[in-house]
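Secondary and tertiary structure notes
This is what each chain is made of:
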Amino acid sequence: MRLRSASSLFFVAFAMLSVAPLAACSADGEGTSEAGDELTGGGSYVGTAVVARLRAEHAKEEGVTWSDSNDARFDADWLQQIPAVNTWGSSNLPGAPTCTGSGCDGDFALRTCTSNADCDGSSCATLRATVAHEGDAPRRLCVGPSDGILDTLYDTIVSAKQSVDVSSLTGPDGRFEAMLRNATTRLSERATPPTVRYIFGSFPGGYLNVSETLRNLARDVKNPQFQFVVGSYNTGPTTWNHAKIVTIDGEKVFTGGMNMWTPHYLEGSPVHDLNIAVHGSAARAAALFVDTLWDGICNTPNTAAAYPEGGDRCLPSFAARVPAAKGTGSKRVISVGRLGNRGDNPGDDALVALIDAAKGNVKVSQQDVAPIKRAGLTLGSWNYDVFDAINRAAIRGVDIDIVVSNEGAYAGASASLANSYFNGFTIGDVWNVAHTRAVATQAGQSGTEPTSALCKHLRVMYFRSSANAAWASGTPQANHAKNVFVDDRAFYVGSQNIYKANLAEFGVIIDDSLASGELTKSYWTPLLKYARPTTYVDARCR
């Protein structure tokens, strides 16, 4: 069985121990916050508070696992939702049917077409990711509402001139694998090909064969001068790579929550996720973070494979190969990572500091904020550092919205453990844990009674992208975003979940009012429209 969701991965780990892209307006304009904080490069009080916390707790790790920069810029399509933004309000999103044999693209398993009439309900579109060789024409295929993300990733990768780093939880499958193979092949045929490194996690129950993965991705590569390596990161039964990064030349980074899993994201009943693309020094920070992961791989036998066979499995670090260059933008981005049991974990403190900085509102969109529960047994513990920050915010009068996956949410063909996106605790359980913790830690400390503060300010709800809890297929809607949004002016997007884990993670905190406005308009406004009716109301609040 090939495990998919983070819930499934942790379940196995504990068992082993004892158990189409969203087109957004450019966010490169100027703006000033209501408090007068300059937001055209220096950021706001939110980013300043996060950096102060990181420098106090993780000063030696600055430039390694976290960094602060003020030179970011965003393209018009910087914000990427899965499924695409124009699908809000719809509960019927059939993916393009898998196709084999005559009239099909063998790698993408999609039907070839000339018009929508050929596609039985899906759309006929040109897919640039089908190009493996310079000068070839892209193929027209029957595609679903999320297949545009393949072109987004492909275009990002083939734009590289010096260096490509890709990091994900597992090796790609299906159409993601075909896209990554074509991009790799095309890069290999350049007169001076960039250096390419792909790193994936290796977790209990999900063995990664790096040699086989490299062979699959280098299937069409013919250039013996091309430097291409695939690595597997694992430092113990509870720590593996979970970071989702595509970074190009240390100049552009694509990051977020999405895994390269075709059945979960590109077929019917897709998982919802959130990703962003940023130009500037934040991209170099991502590549330097990947350098740190590669340090662990290179010190562990049998965890990397190279093309050509027998080549150097540990290429020179990104820092040694690509000189530093300042970005051309003026936006503040704080890059934050964690290394699990292998090193420092500033991402943990960054998320707490982000919530502690809130003056008006906190919005959280996650798969879950609770530990895993199976057969009545809780595996792991609640992240009380985050819950304490949420409770402190509520007592300050900050409104908090928490959106998590529906009960029983899953993706793929069945509601198996391998496809689960629901950890097992309800939204009522989450509210009650917050309340119990608040009473234990906050009572008598602030002059505000914790129960009334939570009743007034904490809302926990289930994810909805329409008025329905499930897709037309009957599959409960699953949320896989990792977003913490503060005061409508700064937000985290990356791979790190709020529930407690010890994985290698990476994400970015965008401290900019205009980018925050786009996130509000294109994501949070429709999400809360549909999710708010599910809000849990405790009996103590009636």
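For the structure itself, consult the block above.
Here goes a summary of the coordinates provided. (Residues numbered from 1 in each chain as written. Predicted model: local features only at pLDDT ≥ 70, side-chain atom pairs only at ≥ 80, totals over all residues. Heavy atoms only, no water.)

For the structure on display, the rule yields 13 aromatic pairs. Seen in terms of ring centroids, Phe226 and Tyr307 are 6.4 Å apart; in terms of plane orientation they differ by 50°. Their pairing is tilted. Residue Phe226 is located in the loop between helix 5 (210-217) and strand 9 (228-236), and its partner Tyr307 is located in strand 14 (residues 304-307); the two are separated by 81 residues in the primary sequence. The two residues Phe226 and Tyr307 agree in class, both being buried. On the numbers, 5.6 Å between centres and 85° between planes, the contact of Trp382 with Phe387 is edge-to-face. Across the pair, exposure class does not vary: Trp382 and Phe387 are buried alike. Among the aromatic residues, ring-to-ring pairing joins Phe74, Trp78, Phe485 and Phe491 into one connected group. One residue, Lys373, lies across the ring of Phe425, its end atom 4.5 Å from the ring centre. A cation over a ring is seen here: Arg437 above Tyr384, with NZ or CZ 4.4 Å from the ring centre. (Phe/Tyr/Trp six-rings, centres within 6.5 Å; stacked < 30°, edge-to-face > 60°. Helix = DSSP H or I, 4+ residues; strand = E, 2+ residues; numbered from the N terminus. Buried < 20%, exposed > 50% of the residue type's maximum accessible area, 1.4 Å probe, protein only. Lys NZ or Arg CZ within 6 Å of the ring centre and 35° of its normal.)

Packing of helix 10 (residues 384-395) against helix 11 (residues 427-442) brings their axes to within 9 Å, and their N-to-C directions diverge by 75°. Taken as axis vectors, helix 10 and helix 11 run roughly perpendicular relative to one another. Note on element contacts: helix 11 touches helix 10 through Val430, Val433, Ala434, Arg437, Ala438, Thr441 and Gln442, opposite Tyr384, Phe387, Asp388, Asn391, Arg392 and Ile395. Considered class by class, the residues forming the contact of helix 10 with helix 11 number seven nonpolar, three polar and three charged. (Axes fitted to C-alpha atoms, helices over the stretch in contact; angles between N-to-C directions. Parallel < 35°, antiparallel > 145°, perpendicular 65-115°, else oblique. Contact = heavy atoms within 4.5 Å. Nonpolar A, V, L, I, M, F, W, Y, C, P; charged D, E, K, R; others polar.)

The next thing to look at is unusual backbone geometry. In the segment running from Ile82 into Pro83, the intervening peptide bond is cis, with an omega of -10°. Inspection of the secondary structure assignment puts Pro83 in the loop between strand 2 (79-82) and strand 3 (104-105). In this model, Tyr307 is joined to Pro308 through a cis peptide bond whose omega is -5°. By secondary structure assignment, the location of Pro308 is in the loop between strand 14 and helix 8 (318-321). Despite not being glycine, Asp249 shows a phi value in the positive range, around 60°. Within the secondary structure layout, Asp249 lies in the loop between strand 11 (245-248) and strand 12 (252-256). Of note in this structure, Ser269 is not a glycine but carries a positive phi near 55°.

Joining two cysteines, a disulfide is a covalent bond between their sulfur atoms. Scanning the entire structure with this criterion turns up five disulfides. Across a sulfur-sulfur distance of 1.6 Å, Cys99 and Cys104 are joined as a disulfide pair. Looking along the S-S bond of the Cys99-Cys104 disulfide, the torsion reads about -50°, which is the left-handed sense. Side by side, Cys99 and Cys104 carry an identical accessibility label, which is buried. Each sulfur of the disulfide joining Cys298 and Cys314 lies 2.1 Å from the other. Handedness of the Cys298-Cys314 disulfide follows from its S-S torsion of about -120°: it is left-handed. Highlighted residues: Cys298 in helix 7 (residues 281-298) and Cys314 in the loop between strand 14 and helix 8, separated in sequence by 16 residues. Its relative accessible area of 21% is what places Cys314 among the partly exposed residues. Counting only the cysteines that form disulfides, in the order they appear in the protein chain, gives the pairing 1-2, 3-5, 4-6, 7-8, 9-10. (Disulfide = S-S within 2.5 Å.)

All quantities given are derived from atomic positions and should not be read as evidence of function.
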